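Next come the chains, spelled out residue by residue.
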Amino acid sequence: MSYSDVKIAPSVLSADFAHLAAAVAEAEAAGADYIHVDVMDGQFVPNITIGPVVVAAIRRVTALPLDVHLMIVQPERYVEQFAAAGADVITVQVEACPHLHRVLQDVRALGVQAGVALNPGTPSVAISQVLGDVDQVLVMTVDPGFGGQAFIPAMLPKIAQVRCMLDEAGSAAALEVDGGIGPQTAADVVGAGARVLVAGSAIYGAEEGVTAAIRAIRAAAAEGLTTTTRWPSGDQRVF
Ligand code: DX5
Ligand code: ZN
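Fair warning: this is a prediction, and the values are worked out from it, not measured in the lab.

1. Comments concerning the overall build of the chain
Line of reasoning, step 1. Looking only at helices and strands, one finds eight helices and eight strands in the chain.
Line of reasoning, step 2. Relative to the 2.2 N^0.38 estimate, which gives 18 Å for 239 residues, the radius of gyration of the chain is 16 Å and therefore close to what a compact globule would have.
Line of reasoning, step 3. Principal-axis analysis of the C-alpha atoms gives the chain an extent of 50 × 40 × 30 Å.
Line of reasoning, step 4. Restricting to contacts in the chain with at least 6 residues of sequence separation, those with at least 24 account for 66%.
Line of reasoning, step 5. In the chain, which carries 13 positive and 25 negative side-chain charges, the distance between the mean positions of the two groups comes to 5 Å.

So this is what it looks like as structure tokens:
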């Protein structure tokens, strides 16, 4: 097993916004695979965070791919701006998209990878019709809106369900998890099939620092690669 089988995507939501360039550089130097950017509009989620101008500013200071997570209503209104700002992956929330195929196709047409995210309360079947239209599926492991929330363990069988759906569809889409991910939860989510781990507070809030935190998450993730977890028997096939 190699560390490179699991990607780490530090979420700058938990970084010091007054020193964003330094926070991104620190993650890059520590071997992060992506920079995860949480865009919130005060409507889809209660919080308001980052817009395209900040994504463009981050783009200028890193070579890492930017993984832009849109927790906004009507994301179709903004995908072009985020693509122009330098996003490499744009993920929309399935709950915000009555015309999901259209927005995913729009993202790909902009030359950007298309992702779809599911809130914890949304069943995996919600994405069953777009498995061929996505480059990434994001299973939220907290209700989005804030960093530092507790991981919801009931999401483990859902991760395994989505893994199974992607495998059966012959999809090479990346399976990402976001919310409450850190050294304590990384092995379980990887064992369930996740391969891209977003972590905010566990990296930028870590007392031991960003580099040690990323190392600890990678070590736990590598442990998870040695297991394939099924919950409960056959349950991951209930889409
Ligand atoms: C949650 C965001 C996450 C958040 C994760 O609404 O989508 O990306 O930054 O933060 P932690 O890792 O602290 O749960
Ligand atoms: Zn996120």
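2. Let's talk about the environment of G205
Line of reasoning, step 1. Positionally, G205 belongs in the loop between α7 (201-204) and α8 (210-224).
Line of reasoning, step 2. Expressed as a C-alpha distance, the spacing of G205 and G148, which sit 57 residues apart in the sequence, is 8.9 Å.

3. Quick notes on the site of ligand 1
Line of reasoning, step 1. With respect to spatial proximity, 20 residues lie near ligand 1, and among them D38, G145, G148, D178 and S201 are the closest.
Line of reasoning, step 2. The separation between an oxygen atom of ligand 1 and a polar main-chain atom of G145 is 2.7 Å.
Line of reasoning, step 3. S201 is positioned such that a nitrogen or oxygen atom in its side chain is 2.6 Å from an oxygen atom of ligand 1.
Line of reasoning, step 4. For ligand 1, the protein covers 100% of the area, taking 380 Å² as the surface of the free molecule.
Line of reasoning, step 5. It is strand β2 (residues 35-40) that provides the largest number of residues to the shell around ligand 1, a total of three residues.
Line of reasoning, step 6. In the shell around ligand 1, the residues fall into eight nonpolar, 10 polar and two charged.

4. Here's the deal with the coordination of the zinc ion (ligand 2)
Line of reasoning, step 1. In this structure, H36 (NE2), D38 (OD), H69 (ND1) and D178 (OD) serve as the protein donors to the zinc ion (ligand 2), at separations of 2.0 to 2.3 Å.
Line of reasoning, step 2. Here the zinc ion (ligand 2) binds six donor atoms, and the angle range of 68 to 166° at the metal identifies the geometry as octahedral.

5. With respect to the side chain of T122
Line of reasoning, step 1. Mapped onto the elements, T122 comes out in the loop between β5 (113-118) and β6 (136-140).
Line of reasoning, step 2. At 2.5 Å, the side chain of T122 forms a polar contact with the side chain of E95.
Line of reasoning, step 3. Those residues within four positions of T122 in sequence are excluded, and the remaining contacts are V94, E95 and K158.

6. Digging into the pairing of strand β7 (residues 174-178)
Line of reasoning, step 1. With four of five residues buried, β7 is to be regarded as a mostly interior element.
Line of reasoning, step 2. With five bridges joining them, β6 and β7 adopt parallel strand pairing. Paired with L138 across the two strands is E176, which belongs to β7.
Line of reasoning, step 3. Since β6 and β7 lie parallel, the crossover through helix α5 (residues 155-168) that links them has a hand, and here it is right-handed.
Line of reasoning, step 4. Bridging between β7 and strand β8 (residues 196-199) involves three bridges; their strand directions are parallel. Bridge pairing in β8 places E176 opposite V196.
Line of reasoning, step 5. One crossover worth recording links β7 to the parallel β8 by way of helix α6 (residues 186-192), and it is right-handed.

7. What to know about the nonpolar core
Line of reasoning, step 1. Ranked by internal contacts, the top residues of the largest apolar core, which has 70 residues, are I127, V189 and L197.
Line of reasoning, step 2. Every residue in contact with L197, bar those within four places of it in the chain, is listed here: V6, K7, I8, A9, V177, I181, A186, V189, V190, I217 and A221.
Line of reasoning, step 3. With six residues, the next largest nonpolar core counts L13, M40, V45 and A96 among its residues.

8. Remarks on unusual backbone geometry
Backbone phi values are negative for most residues with the exception of glycine, while trans is the configuration of most peptide bonds.
Line of reasoning, step 1. Here the phi dihedral of Q74 falls at roughly 45°; this positive angle occurs in a residue that is not glycine.
Line of reasoning, step 2. Assignment of secondary structure puts Q74 in the loop between β3 (66-71) and α3 (79-85).
Line of reasoning, step 3. Taking the relative accessible area as the measure of exposure, Q74 reaches 40% and is therefore partly exposed.

The rules behind the values
Residues numbered from 1 in each chain as written. Chains lettered and ligands numbered in written order. Predicted model: local features only at pLDDT ≥ 70, side-chain atom pairs only at ≥ 80, totals over all residues. Heavy atoms only, no water. Helix = DSSP H or I, 4+ residues; strand = E, 2+ residues; numbered from the N terminus. Rg over C-alpha atoms; globule rule 2.2 N^0.38 Å. Contact = heavy atoms within 4.5 Å. Lys, Arg positive; Asp, Glu negative; His and termini not counted. Charge placed at Lys NZ, Arg CZ, Asp CG, Glu CD. Near = heavy atom within 4 Å. Polar contact = N/O pair within 3.5 Å; in protein donor to acceptor, adjacent residues only side chain to side chain. Areas by Shrake-Rupley, 256 points an atom, 1.4 Å probe, with all protein chains shown as cover. Nonpolar A, V, L, I, M, F, W, Y, C, P; charged D, E, K, R; others polar. Donors = N, O, S within 2.8 Å, 3.2 Å for Na, K, Ca; no water. Tetrahedral: all angles 85-135°; square planar, octahedral: opposite > 155°, others 65-115°. Buried < 20%, exposed > 50% of the residue type's maximum accessible area, 1.4 Å probe, protein only. Pairing = 2+ DSSP bridges. Right-handed = clockwise from strand over helix to strand, strands pointing away. Core = buried A, V, L, I, M, F, W, Y, C linked by side-chain atoms within 4.5 Å.

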